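Coordinate analysis (summary)
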Number of protein chains: 2
Amino acid sequence: MNLPLAADVIVAYDRIKSHIHQTPVFTSKSINQIVGCELFFKCENLQKVGAFKYRGACNAVLSLSDAQKAQGVATHSSGNHAAALALAARENGATAYIVMPENAPEIKKKAVAGYGAKITFCQPTLEARESTLVKVISDTGATMVHPYNQWEVICGQGTAAMELLGQQGDLNTIITPVGGGGLLSGTATFVKEQFPEIKVVAGEPKMADDAYRSFKAGEFFPVDNPNTIADGLRTSLGTLTFEIIKNKVDDIYVVEEESIRIAMRMVWERMKIIIEPSSAVPLAAILENRAVFANQKVGLIISGGNVDLGNLPF
Amino acid sequence: MNLPLAADVIVAYDRIKSHIHQTPVFTSKSINQIVGCELFFKCENLQKVGAFKYRGACNAVLSLSDAQKAQGVATHSSGNHAAALALAARENGATAYIVMPENAPEIKKKAVAGYGAKITFCQPTLEARESTLVKVISDTGATMVHPYNQWEVICGQGTAAMELLGQQGDLNTIITPVGGGGLLSGTATFVKEQFPEIKVVAGEPKMADDAYRSFKAGEFFPVDNPNTIADGLRTSLGTLTFEIIKNKVDDIYVVEEESIRIAMRMVWERMKIIIEPSSAVPLAAILENRAVFANQKVGLIISGGNVDLGNLPF
């Protein structure tokens, strides 16, 4: 399988950098004291649409030819990728066609509609989502932009780590959450080639441990409808993201749900920033494995900040 | 009455600048669209102890002589000022004596104790707090540091606006919340002398409208135990802060409780930062008075981010 290279991430960054926010890197003395290492939080919750997903979506849209752009982009998603693709399309003069299950939360339907996307609702099954998407694409000629298992998306997500290393170069480890694997594989693609001495690892909810089991076995085991509070990580790896992760990532740690809650609340209370449960998974992994990270400088990618404030997990 | 000058704020900044965080200034396109003006949020929720109060406390502690410092500092407070004074004292080798009502929330007692302060508990009445503080001071020789009605504290708080103007000079108006008036009077002290063309205004909860009524009447009307959700603004002005506000502030706007809730949630959802209800009062004032601020560039001081996550107002 042909895998992207660090150079492709660099090209992606050059393409998207004037379209994205250069998000800040925050530190917290009190959290450093608790975990016994030095953490650098790359705040993609402050990215456009509140998630790193904007990087990959933006790179995908900006990679289209004029002819493709005229026919638009399409995906099925009810999460951050849908909002990211909708805004990336609108800001670049393309139409986004989003397939969403009819039972998606009202707030997410509104957000995607607010970014000007054309939404097609379908039954809330994976089969209905996929068949509806195929129909939308054949009706419109739009280009499919997958939430993670696609070259341009992976390279776009890798720009978060690249930017982080420009802001704070002196790191021993970079840790991300892993769901579909776009952020982790993009990070590993850039970092393991350009800074091979830096470890690239991930945190994953034990309740959705397909990446962990697949990585350890060297063979792909998908999960089925996992119920973790880290709603952004309920997906399984894709073929491409698995191949990159298998070859380039140093380790994956699984974490308990309670650790995710504790880590999320710790960041809210001590850093005064809003992060979604998925973003708390790397800190949860550090809390559960303090000896592994002891005295290191660790870059931690905060993946997003989209939370239902009426339904907090604490 | 002898009032502080902009030069005193500048001296304060020089004294505290290596001890405080230079907090970032955030913007939000989507909030700008809603309010019809351009807002620059000075994020003192990301200051040490999560509040601008650290600036004034730090200036007060750093202004002590060695002999005074050896005897410590004292105050009565159960809020951000207590935490700020406790940390400012510890970081500068002094002891902080804090008088707190015995019914203060456990989390606040823990925070202040965690910063190494010596706490004396008292009955939850203003009379008991004041008499206990007098006893602590006569026992220890500590220097009283008032939460707002004191020269060094006011000048310290004024450094937030000074720093903001260094980051974003081109402003038509600066707006702060007003409770005891330390932040507002410090802001007006610096701004109206150095940038007289910039308006300095404040938002205040209608349920705690002593500053509004006193400002409009030119005479001091305290409030008694107001019950606003903006818990940081339940105090009345002091003699010194009132004098500065009366002379230098351009206007004060009172706001409904519901507007505070809406503004607070708007910042949480759209900016992904945690602000306390008091910090939402200026945005609430802009929401209620859009015509006044239309098309302006407005600097808005976010005063703090200390919220009980188990008891949100929405």
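Residues numbered from 1 in each chain as written. Chains lettered and ligands numbered in written order. Predicted model: local features only at pLDDT ≥ 70, side-chain atom pairs only at ≥ 80, totals over all residues. Heavy atoms only, no water.

1. Quick word on the nonpolar core
Ranked by internal contacts, the top residues of the largest apolar core, which has 77 residues, are Leu39, Trp268 and Leu283 of chain A together with Leu39, Trp268 and Leu283 of chain B. Not counting chain neighbours up to four residues away, the residues in contact with Trp268 of chain A comprise Ile273, Ile274, Ile275, Val307, Leu309, Leu312 and Phe314 of chain A together with Trp268, Ile274 and Leu309 of chain B. (Core = buried A, V, L, I, M, F, W, Y, C linked by side-chain atoms within 4.5 Å. Buried < 20%, exposed > 50% of the residue type's maximum accessible area, 1.4 Å probe, protein only. Contact = heavy atoms within 4.5 Å.)

2. Section: the domain arrangement of chain A
Residue and element names in this part refer to chain A. Here chain A is partitioned into domain 1 (6-51 + 150-302) and domain 2 (54-144). Taking only C-alpha atoms into account, the centre of domain 1 sits 25 Å from that of domain 2. With 25 residues of domain 1 at the interface, the matching set in domain 2 holds 17 residues. Where domain 1 abuts domain 2, roughly 1,600 Å² becomes buried across the two surfaces, and 55% of that area is made up of carbon and sulfur atoms. Three residues, Arg15, His19 and Val49, lead the burial of domain 1 against domain 2; their summed loss comes to 35% of the area buried on that side. Residue Glu91 is joined to Lys48 by a salt bridge in which the shortest nitrogen-to-oxygen separation is 3.2 Å. Remark: the boundary between domain 1 and domain 2 carries eleven residue pairs in polar contact (both at pLDDT 80 or more). For the side of domain 1 that touches domain 2, the elements supplying multiple residues, two or more each, are helix H1 (6-16) and helix H8 (151-167). (Domains from an automatic or database assignment. Buried area = accessible area lost by both parts, 1.4 Å probe. Salt bridge = Lys/Arg side-chain N within 4 Å of Asp/Glu carboxyl O. Polar contact = N/O pair within 3.5 Å; in protein donor to acceptor, adjacent residues only side chain to side chain. Helix = DSSP H or I, 4+ residues; strand = E, 2+ residues; numbered from the N terminus.)

3. What to know about the relation of the copies chain B and chain A
Here chain B sits on chain A after a turn of 180° about the axis and a move of 0.0 Å along it, with an RMSD of 0.0 Å. The operation mapping one copy onto its partner corresponds to a two-fold rotation axis. Measuring from the rotation axis to each C-alpha of chain B, the shortest distance belongs to Ile273 of chain B, at 2.1 Å. (Least-squares fit on C-alpha atoms with pLDDT ≥ 70 in both.)

4. With respect to the pairing of strand S7 (residues 173-177) of chain B
Residue and element names in this part refer to chain B. Across the five residues that make up S7, a large majority, five, are buried. Neither face of S7 is left uncovered, since the one carrying Thr173, Ile175 and Pro177 and the one carrying Ile174 and Thr176 both have all their residues buried. Relative to strand S8 (residues 199-205), S7 runs parallel, the two sharing five bridges. For Ile175, the partnering residue across the bridge sits in S8 and is Val201. With helix H9 (residues 182-194) bridging S7 and its parallel neighbour S8, the resulting β-α-β unit is right-handed. (Pairing = 2+ DSSP bridges. Right-handed = clockwise from strand over helix to strand, strands pointing away.)

5. Side note on the pairing of strand S2 (residues 38-43) of chain A
Residue and element names in this part refer to chain A. Buried residues dominate S2, accounting for five of its six residues. Sheet topology places strand S1 (residues 25-26) next to S2; two bridges connect them, and they run antiparallel. Pairing of Val25 across the sheet is with Lys42, part of S2. Where S2 lies against strand S10 (residues 297-302), six bridges are found, and the strand directions are parallel. Directly across from Leu39, in S10, lies its bridge partner Val298.

6. Overview of the environment of Gly36 of chain A
Summarising the element assignment, Gly36 of chain A is placed in the loop between helix H2 (29-35) and S2. Apart from residues lying up to four places away in sequence, Gly36 of chain A is in contact with Ala294 and Asn295 of chain A.

7. Thoughts on the packing of aromatic side chains
What the rule picks out here adds up to nine aromatic pairs over all chains. An aromatic cluster of at least three residues, connected via ring pairs, comprises Trp268 and Phe314 of chain A together with Trp268 and Phe314 of chain B. (Phe/Tyr/Trp six-rings, centres within 6.5 Å; stacked < 30°, edge-to-face > 60°.)

8. Examining the sheet that holds strand S6 (residues 143-144) of chain A
Residues and elements named next belong to chain A. Read across the sheet, four strands follow the order S5-S4-S3-S6 without closing on themselves; strand pairing throughout is parallel. Looking at the sheet topology across the chains shown, the edges are occupied by strand S5 (118-122) and S6. As defined by bridge partners, strand S3 (residues 73-76) adjoins S6 across two bridges and the pair is classed as parallel. Each bridged residue has a counterpart across the sheet, and for Val73 the counterpart in S6 is Thr143.

9. Some remarks on the interface of chain B and chain A
At the junction of the two partners, chain B supplies 20 residues and chain A supplies 20 residues. A buried area of about 1,500 Å², summed over both sides, lies between chain B and chain A, and 64% of it is on carbon and sulfur atoms. At the boundary of chain B and chain A, one finds zero salt bridges. Counting every contact that joins chain B to chain A gives six residue pairs in polar contact (both at pLDDT 80 or more). The element that contributes the greatest number of residues to the side of chain B that touches chain A is helix H12 (residues 257-271) of chain B, accounting for four residues. Of the residues that constitute the side of chain B that touches chain A, the class distribution is ten nonpolar, five polar and five charged. (Nonpolar A, V, L, I, M, F, W, Y, C, P; charged D, E, K, R; others polar.)

10. So, H8 of chain A
In a regular helix each residue adds 1.5 Å, so 17 residues correspond to 24 Å; H8 of chain A covers 25 Å between its end C-alpha atoms and thus fits that length. With 13 of 17 residues buried, H8 of chain A is to be regarded as a mostly interior element. (Expected span 1.5 Å × (residues − 1).)

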